[in-house]
Amino acid sequence: MTWLVTGGAGYIGAHVVRSLRADGVDVVVLDDLSTGDASRIGDVPLVRASLLDRPAVDRTLAEHDVAGVVHIAAKKQVGESVADPYYYYRQNVLGQLELMEAMRAADVRRFVFSSSAATYGAPETALVTEKTHLEPESPYGQTKVVGEWLAVDAEAAHGVRSVCLRYFNVAGAATAELGDPEVLNLIPMVFERLTARERPKVFGDDYPTPDGTCVRDYVHVSDIAEAHRAAVTHLMADGESLRPNVGRGEGASVLEVLAMVGEVTGLDVTPDVVPRRPGDPPRTVASVDAIRDRFGWTAQHDLHEMVQSAWAGWLVRHPHAAG
Ligand code: WQD
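The rules behind these values
Residues numbered from 1 in each chain as written. Predicted model: local features only at pLDDT ≥ 70, side-chain atom pairs only at ≥ 80, totals over all residues. Heavy atoms only, no water. Core = buried A, V, L, I, M, F, W, Y, C linked by side-chain atoms within 4.5 Å. Buried < 20%, exposed > 50% of the residue type's maximum accessible area, 1.4 Å probe, protein only. Helix = DSSP H or I, 4+ residues; strand = E, 2+ residues; numbered from the N terminus. Domains from an automatic or database assignment. Contact = heavy atoms within 4.5 Å. Salt bridge = Lys/Arg side-chain N within 4 Å of Asp/Glu carboxyl O. Expected span 1.5 Å × (residues − 1). Bend = angle between axes of the 7 residues up to and from the residue.

Considering the nonpolar core
Then, number 1: Counting 42 residues, the largest nonpolar core has Val70, Leu165 and Phe295 as its most contacted members.
Then, number 2: Where this core is concerned, the elements lending two or more residues are strand E1 (2-6), helix H1 (11-22), strand E2 (26-31), strand E4 (66-71), strand E6 (161-167), helix H7 (221-236) and helix H9 (289-295).
Then, number 3: In terms of residues, this core owes the most to one element, H7, which gives eight residues.
Then, number 4: Taken together, domain 1 (2-170 + 219-246) and domain 2 (172-217 + 248-317) each give at least three residues to this core, which thus spans both.
Then, number 5: Every residue in contact with Phe295, bar those within four places of it in the chain, is listed here: Val163, Leu165, Ala227, Ala230, Ala231, His234 and Leu242.
Then, number 6: Of all hydrophobic cores here, the second largest spans 25 residues; its members include Ile187, Val190, Ala252 and Trp311.

What follows is the structure in structure tokens.
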């Protein structure tokens, strides 16, 4: 029984491959290596191809006798998606459609999908439950909503069972080598400023939150990977389709994250407070009852472990950063 992991050579994908392999699941990775890196997955078979390369996807499903698909390959930069929505619909929506058509042709009916808290947009509730209205604020978030719709409709028409995992703010690394190489989110952006001997930026401190900075639900990438493993187990046991949040159910503000970076790195993290970044909601924190009740999954790693492991990964790529 082999599972296909699309995007398995990427930051999150490689962690998912690692968790599945540790659980004895055979894996084949399909990745175009646009942001992925083959060295992350060791000797796991890799098909270097885009999801839009239908013959390659067909061949992969057939040659590896694939029992289910974990679909992680996607574009994920909110700003880029606003500037070029067609590209995001092509890569994310069309890519998923090609994949699901290939799954239908190969009679593969188990599907785990990387969804996102971006599907909720700017929720007004203290804790975001899965019943919260989906109102994405970017083309990126829209493509994740469409992806969930596609999964729902695939079940009605073709009996595909799916788990759509709505990730909150992913951070950290299982090993330094598996750290996030991109600088797209708060923790690596702070590291980058510190490495350049510049003050970290805080995008607004006048939000309606306890310390005035935005609150997010940060969750360790190893916990995210374990949630995928649980989803695979659930689908292998013919479990029903689900769309759970994946977070810790606890918020941390930008200033709290900065303080943790100071503690871990020993560097001065006094920030420059700059104007708000357009589109940032004040607070997004997950209700995590659904995933705990259905999978028995709860996050095992705290913010300290996220920042510490992310810093270890950063130092591998920027050895002079600490000095
Ligand atoms: C977190 C907070 C910033 C950098 C995004 C996507 C979401 C998901 C995860 C993909 C915000 C503040 C940041 C800095 C700061 N992506 N910040 N100074 O915006 O919650 O979520 O990434 O799947 O879809 O929208 O994450 O890490 O960019 O920002 O003050 O230098 O940190 O304003 O409040 P975000 P983020």
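Quick notes on the pattern of salt bridges
Then, number 1: Enumeration according to the criterion identifies 16 salt bridges in this entry.
Then, number 2: Notably, a salt bridge pairs Arg54 with Asp58, separated by 2.9 Å at the nearest N-O pair. With Arg54 and Asp58 both in helix H2 (residues 54-63) and four residues apart, this pair spans about one turn of that helix.
Then, number 3: Owing to a relative accessible area of 28%, Asp58 belongs among the partly exposed residues under this scheme.
Then, number 4: With a closest N to O distance of 2.7 Å, Arg166 and Glu148 form a salt bridge.

Observations concerning helix H4 (residues 85-105)
Then, number 1: The end-to-end C-alpha separation of H4 is 29 Å, in line with the 30 Å expected for 21 residues at 1.5 Å each.
Then, number 2: Maximal helix bending in H4 amounts to about 25°, located at Leu94.
Then, number 3: Those residues of H4 that fall on the buried side of the exposure criterion are Tyr88, Asn92, Val93, Gly95, Gln96, Leu99, Met100, Ala102 and Met103.
Then, number 4: Of the surrounding elements, those touching the buried residues of H4 are E1, H2, E4, helix H3 (78-83), strand E5 (110-116) and helix H5 (139-158).
Then, number 5: Backbone geometry just after H4 places Asp107 at a positive phi near 60°.

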